[in-house]
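In case you want the letters, here they are:
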4 protein chains.
Amino acid sequence: MIIVTNSGITKEQWNNIWEKLESWGFQLHVIQGVEKKVIGAVGDKRKVDFHFLENIPGVEKVIPILSPYKLAAKDVKPEGTIIEIGNLKIGGGHFGLIAGPCAVESEEQLIQIARGLKDAGANGLRGGAFKPRTSPYSFQGLEKEGLLLLAKAREETGLPVITELMNLTELDLLVEYADIIQIGARNMQNFGLLKAVGRQPKPVLLKRGLAATIEEWIMAAEYIIAEGNEKVILCERGIRTFETATRNTLDLSAIPLVKSLTHLPVVVDPSHGTGKRKLVIPMAKAAIVAGADGLLIEAHPDPANAWSDGEQSLDLAEFKILVEQIQPLLELENKRL
Amino acid sequence: MIIVTNSGITKEQWNNIWEKLESWGFQLHVIQGVEKKVIGAVGDKRKVDFHFLENIPGVEKVIPILSPYKLAAKDVKPEGTIIEIGNLKIGGGHFGLIAGPCAVESEEQLIQIARGLKDAGANGLRGGAFKPRTSPYSFQGLEKEGLLLLAKAREETGLPVITELMNLTELDLLVEYADIIQIGARNMQNFGLLKAVGRQPKPVLLKRGLAATIEEWIMAAEYIIAEGNEKVILCERGIRTFETATRNTLDLSAIPLVKSLTHLPVVVDPSHGTGKRKLVIPMAKAAIVAGADGLLIEAHPDPANAWSDGEQSLDLAEFKILVEQIQPLLELENKRL
Amino acid sequence: MIIVTNSGITKEQWNNIWEKLESWGFQLHVIQGVEKKVIGAVGDKRKVDFHFLENIPGVEKVIPILSPYKLAAKDVKPEGTIIEIGNLKIGGGHFGLIAGPCAVESEEQLIQIARGLKDAGANGLRGGAFKPRTSPYSFQGLEKEGLLLLAKAREETGLPVITELMNLTELDLLVEYADIIQIGARNMQNFGLLKAVGRQPKPVLLKRGLAATIEEWIMAAEYIIAEGNEKVILCERGIRTFETATRNTLDLSAIPLVKSLTHLPVVVDPSHGTGKRKLVIPMAKAAIVAGADGLLIEAHPDPANAWSDGEQSLDLAEFKILVEQIQPLLELENKRL
Amino acid sequence: MIIVTNSGITKEQWNNIWEKLESWGFQLHVIQGVEKKVIGAVGDKRKVDFHFLENIPGVEKVIPILSPYKLAAKDVKPEGTIIEIGNLKIGGGHFGLIAGPCAVESEEQLIQIARGLKDAGANGLRGGAFKPRTSPYSFQGLEKEGLLLLAKAREETGLPVITELMNLTELDLLVEYADIIQIGARNMQNFGLLKAVGRQPKPVLLKRGLAATIEEWIMAAEYIIAEGNEKVILCERGIRTFETATRNTLDLSAIPLVKSLTHLPVVVDPSHGTGKRKLVIPMAKAAIVAGADGLLIEAHPDPANAWSDGEQSLDLAEFKILVEQIQPLLELENKRL
């Protein structure tokens, strides 16, 4: 850790900083610069709150050298983590093609699309039972009934099921019915939820927050792992920028970057990432060659009548085209569906 | 609502759209443009999910005319809402000057600063018992003990207490001990939390999310009000932008804008909004003349030794300067502390 | 064009709006909504300044239906534009692989890398002679000498040359020495420059501005085409967002989106787009399968000693790996180098 | 400057870095950290291009300690710069209230508003003769005729005139007719323009770019000063963020921050900063108490018929209200109009 002090630091302030740093067990080095004095503090700064040090009078800036995550860091497991849920594997050359409707609407809708997706090549089923909606007047999901339908679709198709957890109070239900628990973008820093899914055994798919930096996203994964659950899948789903021509800006450079920083698999959701049906296939393809370990695709038997997010959902015919177009790319990248 | 159709829309698609819109009770008007046909659909579009309509083949774009909120809208209560908590009033010419430490650290720290702030002119006490922290290794708050200390500080000073709710599981505790329940920026779209605070009687201070548009922020308030609790205070605390010289970009234009759109009082948190102690006073002053109904200020007896966010906390001497400098502005704006 | 009027519009204001719109030749339709009256104005709104109408008292909002560009629009040339510069073709299935150093530094450096790139498969040479630099104390380019060296490299290799125009005063020089004139991101809305390159015969590569929406970017192309030069290549090079882990956020979804809106070819610069050498190859691959018509790659014989942007430049060995990895993707996408 | 090396740095790479740094005259200090070795390089890093060093193999990150600007830095002139143009002074307690139409439209329009503004209290006149417009089909300004009208308005009222320079080719004209030369937001990093206005004697008002960090903005001022012209006024006019409810997000925290970093006066343009007439007065007031040295206000005799930006222009009656409301604030802040 580098501590840059103010040009006008007093002797007393300097001594105070010095004593504090020593008392925390850091080994200290001074660099007398042209205008400013800098302290190099050697030790594990993760124990000390980084921002905390900027309070001390005389300190101008504190610059961390080590990244703030430990358990999620690449060097903990350089070979990479593979998540296994029955036959579905994600990471380490295994590719997850998870598709399904934004929201579970009815048994008929769900079973129909689940069968079609399975036949077309999907190896996981997504579907929302509890839905986060901007408006209190929008459809909020079938809730427990939705979970039961997802379980039924799993029975019929063998596809493992991923669905979103919105509240602590619904955790037990989800642990019972879901195979992978999704933490949505709006809850990426809902720390109570992160801790709770860290204490249960199911794998967790952690979506990147709309305004989350890559470091904050990895730190959210660290919360889960720190509680004991190492089965975390990261999901890039677009960030919020000034551009309004797409729903979000899908940050595909996050894939190779995050994979160089952590051992966790990274999947991409081009449906939410773009918000436009016609952009889903090109972005799905791009995600694969950028190194993604899986895709999360919204698909609906009849997008024109979907109860939510139909404008970004593929119908079954389009999903088949997607599968057809990604097959040769998966081969080139040595990824197995 | 305006529905813009595609240039190449088929007769069948057109009929399909028409039937759907009629079946939802809209009155329809067609405008034949130069290149495109447009439908004006008159009726209350809040009943229908806006994005939903963009699924329908042949529809290019749906443009809402009415704002999506009803209960939070200005015209529901043009005179504006006044929140009353004992002697503290916020809104309608009453100004809330709420200050306190980022996190409650100890009885001594809290009582000391609470007394000082009260004497200096604060009429509310803020303090975190449950703390949202980016790192799982950072101090997470004193939890229930923190609430007890806040209650004690209230007893000693008479100041009503505001503190953050992070999880549904802690709601009963907060309802018992807090006077105003804060929903933090990271939970602005934690809809379960919003509904829960909508069903309890205490006023709610709703911070704007880091990446929340003004419309989304008001919709979050709508969630609370729709459950029956009209006592919502909006708090601007900075948005996330490309600029890194400040912790966030404090959007002061949101104050007059939101006050023109809703009847809810708006307060400003220049401490989180800037992240820099030296910017707190100028931004506090600016907030007042821009029309704010209150301030949320981080203050600490000894910022250099604060356990969190000390770099943006005022000490008591600085808080007194703030009070001194805002007094004439409050008078000019006809606001009463 | 849809004109939404205020709830409280007076009869006089209404009449005034009506007369104005009629005097501009619009055909008018009224839709009486639940709360507001809306006017549908049919005619070519491009003649009238859109924002201008929002001045008129009684007008709440003006919503354009047609896109503001005409000459750049897809339907002008649905088959797409192909740019030809000698043997180099870009668009319509032809792929431009343009590479070279950020800045021209010396004859030796340039000729060495140009030969290597040509042999490895590049079909265009990029290099900066006039360099836009954040600091006045940074290397600003070899200027005219740089252009002469680029011309020499073209002679030696046959590669057409692309270089950036920064000032009107240097236009004649660039027209003389360059094969493609680049307008940099910082000059995307330098309208004088846009008009000037619109009046000369060389193709123009127009980089997207750091904060430019897709519509503004296409409008900048419209400026060039409106002056008579249809040979415009659009270049996505990353936008500025809150994320600092990469230099910019490369918006690959812009490729399919822009190609659906305009007839112009789109190339991608993953070097500036990410600012990190290790992300260049994955993003180059992703750009191709997302539909790009070409790549702009920074390459340097010795990145460790580059005078600018070495941290994002490939060396020759890395460039060969890039070519190797993109070959099968180009085949899959039916693109010819 | 702090150079963080990679964990896996080789001995050869280390020696190479060391030699380079020594050859540039830096004095070197090594800090052996827990995982990484760090070099503290003492000397003036402004001479060396910061990014350049990150090219060197073995280097992970380079962290500058000194700010990159010299001539614009606060400590060069701690008392602050005062810009004088005849009677108009800006900075050092002198307040510039510069108002006028977005674009000069006609003699009648300009003289009428100029007289009204002068009488109401303005001490400077703004007006565009050359207009940067997103669309080539929008009104582009009266050009030279506009400058002649501005000169005439100055004669009639005595108000010094500020107008925007868009191209190098128009510089001589502007030097002849304008009293302050404005560099617009889109040209903030048009380095040729910056150098050119640095070599002429008139004061320069430098608007912040839509996506410019505070450091880049100050560096743009450094470009001007480095050429010999110290008379630079910085103008905050809003940055581009995800929020679309306002035209831009006015960053008022930039005022106190920039004033703590440089000796240059800072003015604010709440008209472009918000894009909404009803927000202009509150933001103008807020700017003053945040420490601004002046305001740039769009005013038009008849905003409803303005040829551009009328939706954010005040009429004369509104401008009088603005003056009335800012008067007591200027007094409180000890600023003289």
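Residues numbered from 1 in each chain as written. Chains lettered and ligands numbered in written order. Predicted model: local features only at pLDDT ≥ 70, side-chain atom pairs only at ≥ 80, totals over all residues. Heavy atoms only, no water.

All names here are of chain C. Most of helix α6 (residues 191–198) sits inside the fold, with seven of its eight residues counted as buried. Every buried residue belonging to α6 is among Phe-191, Gly-192, Leu-193, Leu-194, Ala-196, Val-197 and Gly-198, and all of these are buried. Contacts made by the buried residues of α6 are with β9 (161–165), α5 (171–177), β10 (180–183), β11 (204–207) and α7 (214–226). (Buried < 20%, exposed > 50% of the residue type's maximum accessible area, 1.4 Å probe, protein only. Helix = DSSP H or I, 4+ residues; strand = E, 2+ residues; numbered from the N terminus. Contact = heavy atoms within 4.5 Å.)

Let us look at the packing of helix α10 (residues 277–289) of chain B against helix α10 (residues 277–289) of chain D. At a closest axis distance of 8 Å, the pairing of α10(B) and α10(D) adopts a crossing angle of 155°. The orientation of α10(B) with respect to α10(D), classified from their angle, is roughly antiparallel. Of the two elements, α10(B) crosses α10(D), and the hand of that crossing is right-handed. The segment α10(B) lies against α10(D), with B:Pro282, B:Lys285, B:Ala286 and B:Val289 engaging D:Pro282, D:Lys285, D:Ala286 and D:Val289. (Axes fitted to C-alpha atoms, helices over the stretch in contact; angles between N-to-C directions. Parallel < 35°, antiparallel > 145°, perpendicular 65-115°, else oblique. Left-handed = near helix turned anticlockwise from the far one by under 90°.)

Mapping chain D onto chain B leaves a residual RMSD of 0.0 Å; the transformation is a rotation of 180° accompanied by 0.0 Å of translation along its axis. The superposition of one copy onto the other is thereby described by a two-fold rotation axis. Within chain D, the C-alpha atom positioned nearest to the axis of rotation is that of D:Ala286, 2.0 Å from it. With an isologous cut-off of 70% or more, the 100% of interface residues of chain D that recur at the interface of chain B puts this contact in the isologous class. (Least-squares fit on C-alpha atoms with pLDDT ≥ 70 in both.)

With that out of the way, let us pick up the sheet that holds strand β13 (residues 266–268) of chain D. All names here are of chain D. In space, the eight strands of this closed barrel follow the order β7-β8-β9-β10-β11-β12-β13-β14, with parallel pairing throughout. Looking at each pair of strands side by side, their axes are set apart by 30° on average, direction ignored. Here strand β11 (residues 204–207) pairs with strand β12 (residues 232–236) via four bridges, running parallel. By the bridge assignment, Leu-205 is partnered in β12 with Ile-233. Against the sheet, helix α11 (residues 316–332) touches β7 (96–100) and β14 (294–298), its axis set at about 170° to β7. (Pairing = 2+ DSSP bridges.)

In this section: unusual backbone geometry. In this structure, A:Glu143 takes a positive phi of about 55° despite not being glycine. Its location among the elements puts A:Glu143 in the loop between β8 (124–126) and α4 (144–157).

Here we take up the sheet that holds strand β2 (residues 27–32) of chain A. Residues and elements named next belong to chain A. Spatially, β2-β3-β1-β4 is the arrangement adopted by the four strands of the open sheet, whose pairing is antiparallel. Pairing within the sheet leaves two strands with one partner each, and these edge strands are β2 and β4 (59–63). In this sheet, adjacent strand axes meet at a mean angle of 20° when their direction is disregarded. Sheet analysis places β2 next to strand β3 (residues 37–42), joined by six bridges and oriented antiparallel. The residue of β3 that forms the bridge with Gln-27 is Val-42.

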